[in-house]
Amino acid sequence: MSAHVLVVDPDPFVRQLLELNLTRAGYDVGLCPDAESALAAIDGRVPDMLLLEWDLPGQSGEALIRRLHPQARTHAMTIIMVSARAGEHDKILALESGADDYLTKPFNPRELLARMQAVLRRRAPHVSIDAVQMAGLHLDPDTQRVVAGTRQVTLGPVEFRLLNFLMHHPERVHTRSQLLDKVWGRHAVLDERTVDAHVGRLRHALQPSGHQEHIETVRGTGYRFVAWHGAA
C-alpha cells in the first residue's frame, strides 16, 4: 500500500505541482489549503507524511506542528516543512517544534522526493533491539518505552532511536555526521544541525528526572552518553 502524503499549502499552483510529482512517484496524495482543513483531514485519516508550508492562513504551519506533535495519534507522523522562509532561525524552530526535515522554496521536485524517501526509510530503526538499563534509565525497544526510576519518559521516534544508540554505546563520543548515519540512516539528506535540534528535544524530555545531564556535548566534536554525570 502506497504511503499517504498530506500536502498543506495555500498556493494552488504548489499543491498542483506537488500532487502531480507525488502521484507519479506512487504516493497517495491529499491536499489542503490551511491548517483547519488539514486538521479535519488528519482527524479522518492520519497520513504517513505531512508536507507543510509555514505561512498558512489562520494558524501557521509551525503552530500546527506544535499542536499535532504532543498527541499520541499523530506523534509518530513524519513532517517535512516546505516553505518560502529561508532563515536559519526558522529552520531550527521548525525542527525543534517537531519537523523531521526542512526544505526551502523554490525547490527541485527530485530533491523533495529524495528527502521524503530518506525520512520514510528512517521509520525502521538502525539501532539495537536489546533493552538497556543505565544511570537509572531503562529503555526497552520492544515496548518503545523509557522509564526513569518510576517515571515514564515520553519520547518521539527520533529521540527514542537517538537515546537507544547513545545508551548502547556509552562514554564514546559520536560526531554529528556519525549520528546522522547511525540514527537517521545512511541515505539521510539532512543538515548536521538537525542532530542538535533533536538532542535538545531529548534533553528536554529527560529534564524532569534530571537525566538530561547524561547527554554530554563534546565541544567541537559531538555528543556522548555518560553513565555517571561529571565523567571526564
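Residues numbered from 1 in each chain as written. Predicted model: local features only at pLDDT ≥ 70, side-chain atom pairs only at ≥ 80, totals over all residues. Heavy atoms only, no water.

Visitor: Give a detailed account of the nonpolar core, specifying residues and quantitative values.
Guide: One finds V146, L163, M167, L179, I215 and F225 to be the most contacted residues of the largest nonpolar core, which totals 27 residues. Among the secondary structure elements, those contributing two or more residues to this core are strand 6 (132-134), strand 7 (137-140), strand 8 (145-148), helix 6 (157-168), helix 7 (176-184), helix 8 (193-206) and strand 12 (222-225). Counting residues per element, this core draws most heavily on helix 6, which supplies 7 residues. The residues touching V146, leaving out its near neighbours within four places in the chain, are L137, H138, L139, R151, Q152, V153, L155, F160 and L163. C32, A38, L52 and L68 belong to the second largest nonpolar core, which has 20 residues in total. (Core = buried A, V, L, I, M, F, W, Y, C linked by side-chain atoms within 4.5 Å. Buried < 20%, exposed > 50% of the residue type's maximum accessible area, 1.4 Å probe, protein only. Helix = DSSP H or I, 4+ residues; strand = E, 2+ residues; numbered from the N terminus. Contact = heavy atoms within 4.5 Å.)

Visitor: Got a sec to walk through the sheet that holds strand 11 (residues 215-218)? Specific residues and values, please.
Guide: In spatial order, the strands read 10-12-11; together these 3 strands make up an open sheet with antiparallel pairing. In this open sheet, the two strands that pair with only one neighbour each are strand 10 (174-175) and strand 11. Note: strand 11 against strand 12, 4 bridges, orientation antiparallel. Bridging from a neighbouring strand, T217 pairs with Y223 of strand 12. Each of strand 11 and strand 12 touches helix 8; the most contacted strand, strand 11, lies at about 145° to it. (Pairing = 2+ DSSP bridges. Axes fitted to C-alpha atoms, helices over the stretch in contact; angles between N-to-C directions.)

Visitor: Tell me what's going on with the sheet that holds strand 6, and back it up with residues and numbers.
Guide: Strands sit in the order 6-7-8-9 across an open sheet of 4 strands; the sheet is antiparallel. Taken across any chain shown, the strands that pair with only one partner, and hence form the sheet edges, are strand 6 and strand 9 (151-153). The sheet shows a mean angle of 20° between the axes of neighbouring strands, direction not considered. Pairing of strand 8 with strand 9, which is carried by 3 bridges, proceeds in the antiparallel orientation. Its bridge partner lying in strand 9, V146 is registered against V153.

Visitor: How would you sum up the packing of helix 6 against helix 8? Please name residues and give values.
Guide: The geometry of helix 6 relative to helix 8 is characterised by a closest axis approach of 9 Å and an angle of 85° between their N-to-C directions. Taken as axis vectors, helix 6 and helix 8 run roughly perpendicular relative to one another. Where helix 6 approaches helix 8, its residues V158, E159, L162 and L163 are matched on the opposing element by H198, V199, R201 and L202. (Parallel < 35°, antiparallel > 145°, perpendicular 65-115°, else oblique.)

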